[in-house]
Amino acid sequence: MTPHQRLLVIDFGSQVTQLIARRLRELGVYCEIHPYQHVTAGFLTEFTPQAVILSGGPASVMDGEPPFPPNEVFSLNVPILGICYGQQVMVKMLGGRVERGQRTKDAETRHQEAESVSATSTGGRVNSEFGRAYIAPKGVLPLLEGWFEEPTEQVWMSHGDHVAELPPGFEVYGVSAKAPYAIVADTKRSFFAVQFHPEVHHTPNGKRLLQNFVRLSGFTGDWTMGAYRDEAVEKIHRAVGDAKVICGLSGGVDSSVAAKLVHEAIGDRLTCVFVDHGLLRLNEAEEVVGMFRDHFNVPLIHADESELFLSELRGVTNPEEKRKTIGRLFIDVFRKHAAAVGGAEFLAQGTLYPDVIESVSFSGGPSVTIKSHHNVGGLPEQLGLKLVEPLRELFKDEVRELGREIGLPGRFVDRHPFPGPGLAIRCPGEITCEKLDILRNADAVYIDQIRRHGLYEQIWQAFVVLLPVRTVGVMGDGRTYDYVCALRAVTSVDGMTADCFPFSHEFLCETATRIVNEVSGINRVVHDVTSKPPGTIEWE
Ligand code: XMP
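Source: prediction; values computed, not measured.

A tally of regular secondary structure across the protein chain gives 16 helices and 20 strands. In summary, the protein chain has a C-alpha radius of gyration of 26 Å against a globular reference of 24 Å for 540 residues, a match within 12%. In terms of overall dimensions, the protein chain has C-alpha extents of about 75 × 65 × 40 Å along its principal axes. Taking all 540 residues of the protein chain together, the buried fraction comes to 56%. Long-range contacts, defined as pairs at least 24 residues apart, comprise 75% of the intrachain contacts of the protein chain with a sequence gap of at least 6. Here the protein chain has roughly 23000 Å² of accessible surface; of this, 49% comes from carbon and sulfur atoms. Charge separation in the protein chain, taken as the distance between the mean sites of 53 positive and 69 negative side-chain charges, equals 2 Å.

Set out below in structure tokens:
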């Protein structure tokens, strides 16, 4: 258990629960998300949270057996904040009354939309609110310090049911047009409950509310990357002892930070294996090898297996077949090179917190596989190795901060995510060396443009897709018959949903001109403006 002050987020299945944890971590507060089914009285005693947040969720406290936390949560004598469904849970369990919203089918749809952070308008029926709403104050509450500098505060609502009567000890501190109990509190017990979602960006002052909550709960902000680094190194040391560790470097930020941290802990007993599948970006392999082997002196096997991958991918056009072929070869190749290290007992992986959080499934059924993601998840069983996962408690942005803390170059740490199957899934249709070269060069020009215009940090991911289409063009006095490429750039919080990045027309025209002029093999550039959903970020 971490030695830090701990906040417990009890998850009732909201789509945005992870954002609560992200906001708290940004405030220097260590918190963990646990599904309500796991939170028993015994768990609470062991976890000893210094404060608790009850998340939102799709259920109704009016249902037959609604998801509730154990009663003991209210006798921990710690501050509690209920959010949306969490507010209704708190009100119902403490003796107040909740009424069912009159939901039409239309409102139900809007609820789902709003839960996926895409709704912008207010709608629904009596007392239901979906999307933007405005709260007016009623009385003074320390939780709301810094709020109401304007007469109202914009918040983001997504509720059908609503509070109809407060439990003993509670009072109202904020109201909206349709929520007379938008902010309620029992200040004696430090129980706070809000009908809206303070954790989402659509509640612009939401972080301030969470900051007030953790301040009132006595958190000192002891969760820093410096402290995390020291503890992680110490933990690796203890877990690994005198054993050897291998680490699969992908060239991405997560595996690089994990490798650097393990190297700090055990030195040359770590060997990294970098499998170059021939599907990397321009100069990527050289950069990774240069940084790890030459600069950081980490023992590194550079396995250039590009010929193997490209020959196995010859003629493969189906996206799933591409992904599965790459996944299978990767495991084989990694296993071969790992065996050459000899005697390794551990495998270091850059698993992140979002991969570990057990989300609450109310449908119970398995979700549809949109794409078979390539990762090294199958490796530990195949290799019979124990795992070292020093980033299991971190979100992506925290990994970046840690990367900077341990001395990885900023330009490397801030790089956009890159998928395991690499350029294979950015080259629809058959993959050839010629196409990969064209794609690499176009991608390099595009990213250079984005950096020159100071846009790189505003974008979650930007890349070129080479289409399996040739079109006619004219250059100089001659006819060309070359490939078309598409420019993709999205904003996103976690890659689960994404919006198209709004480039200016001038930027797009300048970039298209540069690509057509500087990259031989491309004579036409198009712009992909699809959001996710309904599109996905990658094309395959
Ligand atoms: P999609 O295309 O599913 O992508 O919207 C969401 C995010 O995941 C990345 N991605 C992958 N990452 N292995 C990975 O490690 C994969 O197989 C893979 N496929 C997609 C994608 O780049 C985006 O950031």
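Once you've had a look at it, read on.
Between helix 7 (residues 253-266) and helix 13 (residues 396-405), whose axes approach to 10 Å, the crossing angle comes to 45°. Relative to helix 13, helix 7 is oriented oblique. In this structure, helix 7 crosses over helix 13, and the sense of that crossing is left-handed. Residues Val 253, Asp 254, Val 257 and Leu 261 of helix 7 form the contact with helix 13, whose own contacting residues are Lys 396, Val 399, Leu 402 and Gly 403.

Here helix 6 (residues 225-240) crosses helix 13 at 80°, and the two axes come no closer than 10 Å. Relative to helix 13, the element helix 6 lies roughly perpendicular. Of the residues in helix 13, those touching helix 6 at Met 225, Gly 226, Tyr 228 and Arg 229 are Glu 398, Glu 401, Leu 402 and Glu 405. Here the residues of the contact of helix 6 with helix 13 sort into three nonpolar, one polar and four charged.

Our next topic: the pairing of strand 2 (residues 30-35). Counting buried residues in strand 2 gives six out of six residues, a clear majority hidden from the surface. Across the two faces of strand 2 the burial is the same, with Tyr 30, Glu 32 and His 34 and Cys 31, Ile 33 and Pro 35 all buried. Here six bridges tie strand 1 (residues 6-11) to strand 2, and the two strands are oriented parallel to one another. By the bridge assignment for strand 2, Ile 10 is matched with His 34. Traced from strand 1 through helix 1 (residues 17-26) to strand 2, the parallel crossover comes out right-handed.

Bringing the pairing of strand 12 (residues 244-249) into the picture now. As paired strands, strand 12 and strand 15 (residues 344-348) are joined by four bridges and run parallel to one another. Of the residues in strand 15, the one forming a bridge with Ile 246 is Leu 347. Two strands pair when backbone bridges link them, and strand 12 and strand 13 (residues 270-276) are joined in this way by five bridges, in the parallel orientation. Looking across to strand 13, one finds that Cys 247 is bridged to Cys 272. Note that the unit made of strand 12, helix 7 and strand 13 has a crossover that is right-handed.

How two aromatic rings sit relative to each other is given by the distance of their centres and the angle of their planes. Taken as a whole, this structure holds 14 aromatic pairs when the rule is applied. When the centroid spacing of 5.9 Å and the interplanar angle of 70° are considered together, the rings of Phe 292 and Phe 296 count as edge-to-face. Grouping residues by exposure puts Phe 292 and Phe 296 together as buried. An aromatic cluster is defined as three or more aromatic residues linked by ring pairs; in this entry it consists of Tyr 446, Phe 501, Phe 503 and Phe 507. Note that Arg 470 overlies the ring of Tyr 483, its terminal NZ or CZ placed 4.4 Å from the centroid.

This paragraph deals with the sheet that holds strand 12. Read from one edge to the other, the open sheet built from five strands follows the order 14-13-12-15-16, with strand pairing classed as parallel. This sheet does not close on itself; its edge strands, each paired only once, are strand 14 (300-304) and strand 16 (386-388). For this sheet, the mean inter-axis angle between neighbouring strands, taken without regard to orientation, is 30°. Strands in contact with helix 8 (residues 284-295) are strand 12, strand 13 and strand 14; relative to strand 14, the strand with the most contacts, it is inclined by about 165°.

The next thing to look at is the side chain of Ser 60. Relative to the assigned elements, Ser 60 resides in the loop between strand 3 (51-54) and strand 4 (80-83). Judged by its relative accessible area of 7%, Ser 60 falls in the buried class. A distance of 3.0 Å separates a polar atom in the side chain of Ser 60 from the backbone nitrogen of Met 62. A polar atom in the side chain of Ser 60 sits 2.5 Å from the side chain of Asp 161. With near-sequence residues (within four places) excluded, Ser 60 lies in contact with Pro 66, Tyr 85, Arg 100 and Asp 161.

Segmentation of the protein chain into domains returns domain 1 (6-216), domain 2 (225-413) and domain 3 (432-527). Between the C-alpha centres of domain 1 and domain 3 the distance comes to 43 Å.

Tallied over the entire structure, the rule returns zero disulfides. As a non-bridged cysteine, Cys 485 has Cys 427 as the owner of its nearest cysteine sulfur, 12 Å distant. You can see Cys 509 has no disulfide; the closest cysteine sulfur is in Cys 485, sitting 14 Å from it.

Negative phi values dominate among residues other than glycine, just as trans dominates among peptide bonds. In this structure, the amide linkage connecting Lys 532 to the following residue, Pro 533, adopts the cis form with an omega of -15°. The topology assignment puts Pro 533 in the segment after strand 20 (522-527). The linkage connecting Pro 533 with the following residue, Pro 534, adopts the cis geometry, with an omega of 10°. Phi is positive for Asn 77, close to 65°, though the residue is something other than glycine. Among the structural elements, Asn 77 can be located in the loop between strand 3 and strand 4. Of the residues examined, Asn 77 reaches a relative accessible area of 77% and is grouped as exposed.

Let us now look at helix 16 (residues 505-518). Taking 1.5 Å of rise per residue, the 14 residues of helix 16 would be expected to cover 20 Å, and the 20 Å separating its terminal C-alpha atoms lies within 8% of that figure. Looking at the buried residues of helix 16, the elements they touch are helix 15 (433-452), strand 17 (461-475), strand 18 (478-491) and strand 20.

The rules behind these values
- Residues numbered from 1 in each chain as written.
- Predicted model: local features only at pLDDT ≥ 70, side-chain atom pairs only at ≥ 80, totals over all residues.
- Heavy atoms only, no water.
- Helix = DSSP H or I, 4+ residues; strand = E, 2+ residues; numbered from the N terminus.
- Rg over C-alpha atoms; globule rule 2.2 N^0.38 Å.
- Buried < 20%, exposed > 50% of the residue type's maximum accessible area, 1.4 Å probe, protein only.
- Contact = heavy atoms within 4.5 Å.
- Areas by Shrake-Rupley, 256 points an atom, 1.4 Å probe, with all protein chains shown as cover.
- Lys, Arg positive; Asp, Glu negative; His and termini not counted.
- Charge placed at Lys NZ, Arg CZ, Asp CG, Glu CD.
- Axes fitted to C-alpha atoms, helices over the stretch in contact; angles between N-to-C directions.
- Parallel < 35°, antiparallel > 145°, perpendicular 65-115°, else oblique.
- Left-handed = near helix turned anticlockwise from the far one by under 90°.
- Nonpolar A, V, L, I, M, F, W, Y, C, P; charged D, E, K, R; others polar.
- Pairing = 2+ DSSP bridges.
- Right-handed = clockwise from strand over helix to strand, strands pointing away.
- Phe/Tyr/Trp six-rings, centres within 6.5 Å; stacked < 30°, edge-to-face > 60°.
- Lys NZ or Arg CZ within 6 Å of the ring centre and 35° of its normal.
- Polar contact = N/O pair within 3.5 Å; in protein donor to acceptor, adjacent residues only side chain to side chain.
- Domains from an automatic or database assignment.
- Disulfide = S-S within 2.5 Å.
- Expected span 1.5 Å × (residues − 1).

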